[in-house]
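# Structural overview
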Amino acid sequence: AQVSLPSVAQRSLWDSAEPRPMAVARAIALVLALALVVSPAAGRTLRSGALQQPPPEPEGEGVEKTKDGAFGSKGDACQACRFSATGSCAMYKSCVCYATNAHFNVGGVPDPTDTQHWAWACGNEGGSKYELCFAVSNELYEDTFGDKIDPNNPKCLQ
């Protein structure tokens, strides 16, 4: 009985005459080579059409932390959040400022003299002790920091 081998068109990767590890290595090398050739060209095409915009100027003044590494009041923590978030389009579009006092009374321990240890966050995921910094009365013409905005002249492009 004579055994006939399948034609080249009928062979798959796994039916090749090469040992399997060699066939797999060859297929992986081919895929990697193709990825190296295609990805730089695709990256250039995507980047060339993107609108470039410099970061916006931060609103207000930066606030210094106290010597214990926290902010001295809720207002200072909120202003630090506003200053940080308005200087970056990514943060400007996604940050809603909240502040919390990290001082908690502890039973059996004398009362400290400094009870103002304020910190800020871009969200209230930390719990109910986080308080909203800026109340927005008109969402159409105010940003999340309570500043007036012109919808025809946005601070950050879409």
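Residues numbered from 1 in each chain as written. Predicted model: local features only at pLDDT ≥ 70, side-chain atom pairs only at ≥ 80, totals over all residues. Heavy atoms only, no water.

Tallied over the full model, the rule gives two aromatic pairs. With a centroid separation of 6.2 Å and 70° between ring planes, the pair formed by F134 and F145 is classed as edge-to-face. Placement of F134 in the segment after β3 (131–132) and of F145 in the segment after β3 is noted, with a sequence separation of 11 residues between them. Clustering of aromatic rings is evident, with ring pairs tying together Y92, F134 and F145. (Phe/Tyr/Trp six-rings, centres within 6.5 Å; stacked < 30°, edge-to-face > 60°. Helix = DSSP H or I, 4+ residues; strand = E, 2+ residues; numbered from the N terminus.)

Under the criterion given, the structure shown has four disulfides. Each sulfur in the disulfide pair C89 and C156 lies 2.2 Å from the other. Linking C89 and C156, the disulfide has an S-S dihedral of approximately -90° and is accordingly described as left-handed. A residue pair is termed long-range when its members are at least 10 positions apart, and C89 in helix α3 (residues 89–94) and C156 in the segment after β3 qualify at 67 residues. Exposure remark for C156: the relative accessible area of 4% places this residue in the buried category. Between the sulfur of C95 and that of C122 lies a disulfide, 2.0 Å long from S to S. Handedness of the C95-C122 disulfide follows from its S-S torsion of about -85°: it is left-handed. Remark: C122 occurs in the loop between β2 (118–121) and β3 and C95 occurs in the loop between α3 and β1 (98–101); sequence separation between them is 27 residues. (Disulfide = S-S within 2.5 Å. Buried < 20%, exposed > 50% of the residue type's maximum accessible area, 1.4 Å probe, protein only.)

So, about the pairing of β1. Residues of β1 alternate between two faces, with Y98 and T100 on one and A99 and N101 on the opposite face, all of them buried. In this sheet, β2 lies alongside β1 in antiparallel orientation, the contact comprising four bridges. Residue N101 lies in a different strand from β2, and its bridge partner there is W118. In this structure, β1 lies alongside β3, joined through two bridges in antiparallel fashion. What sits directly across from A99, in β3, is E131. (Pairing = 2+ DSSP bridges.)

Quick look at helix α2 (residues 74–85) now. Residues separated by three or four positions in an α-helix point in the same direction, a consequence of the helix having 3.6 residues per turn. If you check α2, its first and last C-alpha atoms are 16 Å apart, about what 12 residues at 1.5 Å a residue would give, namely 16 Å. Burial in α2 covers these residues: A77, C78, Q79, A80, C81, R82 and A85. On the buried face of α2, the contacting elements are α3, β1 and β2. (Expected span 1.5 Å × (residues − 1). Contact = heavy atoms within 4.5 Å.)

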